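Chain residues, written in single-letter form:
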Amino acid sequence: MSRSPSIPDRPHRDIDPDLPDDERLEALRGHFADLAEVNEQLTEQLEEAEQRRQDLRDRVERVERENETLKSSSLYIATVEDVLENDEVIVKQHGNNQEVLTDVSPRIVEEVDPGDRVAVNDSFAIQTVLNAETDARAQSMEITEKPEVTYADIGGIDEQVLEVREAVEQPLAEPELFHEVGIEPPSGVLLYGPPGTGKTMLAKAVANETDATFIKMAGSELVRKFIGEGSRLVRDLFEMAREREPAIIFIDEIDAIATTRTESKTSGDAEVQRTMMQLLSEMDGFEARGEIRIIAATNRFDMLDRAILRPGRFDRLIEVPEADRDGREQILEIHTRNMNVADGVDFGDLADDTDGYSGAEIESLTTEAGMFAIRNDREQVTHQDFVEALEKIEKDDSSEVISSAGYFYQ
Ligand SMILES: Nc1ncnc2c1ncn2[C@@H]1O[C@H](COP(=O)(O)OP(=O)(O)OP(=O)(O)O)[C@@H](O)[C@H]1O
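Quick look at the structure, then.

Thresholds applied
- Residues numbered from 1 in each chain as written.
- Predicted model: local features only at pLDDT ≥ 70, side-chain atom pairs only at ≥ 80, totals over all residues.
- Heavy atoms only, no water.
- Salt bridge = Lys/Arg side-chain N within 4 Å of Asp/Glu carboxyl O.
- Helix = DSSP H or I, 4+ residues; strand = E, 2+ residues; numbered from the N terminus.
- Buried < 20%, exposed > 50% of the residue type's maximum accessible area, 1.4 Å probe, protein only.
- Axes fitted to C-alpha atoms, helices over the stretch in contact; angles between N-to-C directions.
- Left-handed = near helix turned anticlockwise from the far one by under 90°.
- Contact = heavy atoms within 4.5 Å.
- Nonpolar A, V, L, I, M, F, W, Y, C, P; charged D, E, K, R; others polar.
- 1 Å grid on protein atoms, 1.4 Å probe; cavity = no way out; pocket = protein on both sides within 12 Å on 5 of 7 lines; lining within 4 Å.
- Points joined across faces, edges and corners; volume = space filled by probe spheres on them.
- Domains from an automatic or database assignment.

### Quick look at the pattern of salt bridges
Considering all chains together, one arrives at 18 salt bridges under this definition. Put simply, Glu 166 and Arg 316 hold a salt bridge, and the shortest N to O gap is 3.7 Å. Of this pair, Glu 166 sits in helix α3 (residues 158–173) while Arg 316 sits in strand β11 (residues 314–319), and the two are 150 residues apart along the sequence. What makes Arg 316 partly exposed here is its relative accessible area of 24%. Note that Lys 216 and Asp 252 form a salt bridge whose closest N and O atoms lie 3.9 Å from each other. Linking Lys 216 in strand β8 (residues 213–218) with Asp 252 in strand β9 (residues 247–252), this pair joins segments that are 36 residues apart in sequence. Of the two residues, Lys 216 and Asp 252, neither departs from the other in class, the shared state being buried.

Structure representation (structure tokens):
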């Protein structure tokens, strides 16, 4: 810091009133010149002070911006594995279990211990050690900057892909179209259908296509894990989306917070009710043409409180059914794209034999077939492997899962 310049003394002259006029005038002129000089010095000092003030302001702004960037990039959650010498730490990233050696700032090095959960930025620098509350919140939301799923990874539900693109992607990608025509795009989109049919994939693929951040929260977690916190978490969810626009909010298992109101008045019900009211109020106060789209999913359409389906809320309903025979064939092809599949494998036949299978179940079937090949010391997966995998799955789950008859979705 530079020291402030000293303030010049106020000029002073004793002028004898008895002096002849011309000498007095001369003395006064001299005094005036002194005053003018001091004035000039003060003006200079004032300018310098102004400049210093501006520099400090710029610095504050820069630090604030840096702070903001640090805050908004501390996205990923990791667990500290080991604290080494030289302020180095090994962290394991959640989600992909990748281990990374990273630096920890001297500012927080004392706080970091093995087993702690921490927030790391894009370059894995530890930003903060999570306290129990932030930790809980961080866990309840899954945030992906750019999900990897694309439309090409989704099979058998082409019509639904189109509908989602129209209702979610277009308002994000071309909002001016809606402006020009003078209509509001659908506020929220509700995907409903049996489990494992690709609802989450659809939401992720739109986020991928529109370069939007994907923020997922499960309704069941809101209710189960964070008792008393539900409505605050909903608020945080929308806040998080606003900070990361464009964003897709995906609320899975929305039935957990939006079930038909019952007569029972237990405190748990009241909490669920509050969570839902918060969700509705967030949606009602929402700029539909904005850069945030909301997608919800449920397997229990029958249970939903109709209040959430009103215009301005989840007003676009898209049923995502189990794929038909051709759809299953497509899904088989998608999930075997990276597999070493023998020539004789007949996906048409397998599609015939997997009536009632969801996309997720077909994915497990392909993995199971691969396991048979490995067990038999082969690198190629044969048709017989698929047949045996099918038999195994049918035997394991003969009473459940394979048939979706037990799921109510309309
Ligand atoms: N239509 C599909 N095409 C390709 N793969 C699919 C399809 N549907 C499901 N899968 C596979 O199953 C997995 C689970 O699918 P997804 O999570 O999208 O289902 P969901 O409908 O959201 O299920 P739930 O209702 O249980 O949340 C996907 O990661 C994918 O591998």
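Having put the structure on the table, let's press on.
### Examining the packing of helix α11 (residues 359–375) against helix α12 (residues 383–396)
Taken N-terminus to C-terminus, the directions of α11 and α12 make an angle of 115 degrees; their axes are 8 Å apart at the nearest point. The two elements α11 and α12 meet at a crossing, and its hand is right-handed. Contact with α11, carried on its side by Ser 364, Leu 365, Thr 366, Glu 368, Ala 369, Phe 372 and Ala 373, involves Asp 385, Phe 386, Glu 388, Ala 389, Leu 390, Lys 392 and Ile 393 of α12 and no other residues of that element. Class assignment for the residues of the contact of α11 with α12 results in eight nonpolar, two polar and four charged.

### Points about empty space enclosed by the protein
Unoccupied space between atoms shows up once a probe the size of one water molecule is rolled over them. Per the counting criterion, the structure on display carries one cavity of 30 Å³ or more. Computed from the structure, the largest cavity encloses a volume of approximately 40 Å³. Taken together, Gly 155, Ile 157, Gly 196, Thr 197, Pro 321, Glu 322, Ala 323, Ile 331, Tyr 357, Ser 358 and Gly 359 make up the full set of residues lining the largest cavity. Residues of the lining of the largest cavity, tallied by class, amount to five nonpolar, five polar and one charged. Counting residues domain by domain, the lining of the largest cavity receives three or more from each of domain 3 (143–319) and domain 4 (325–406).

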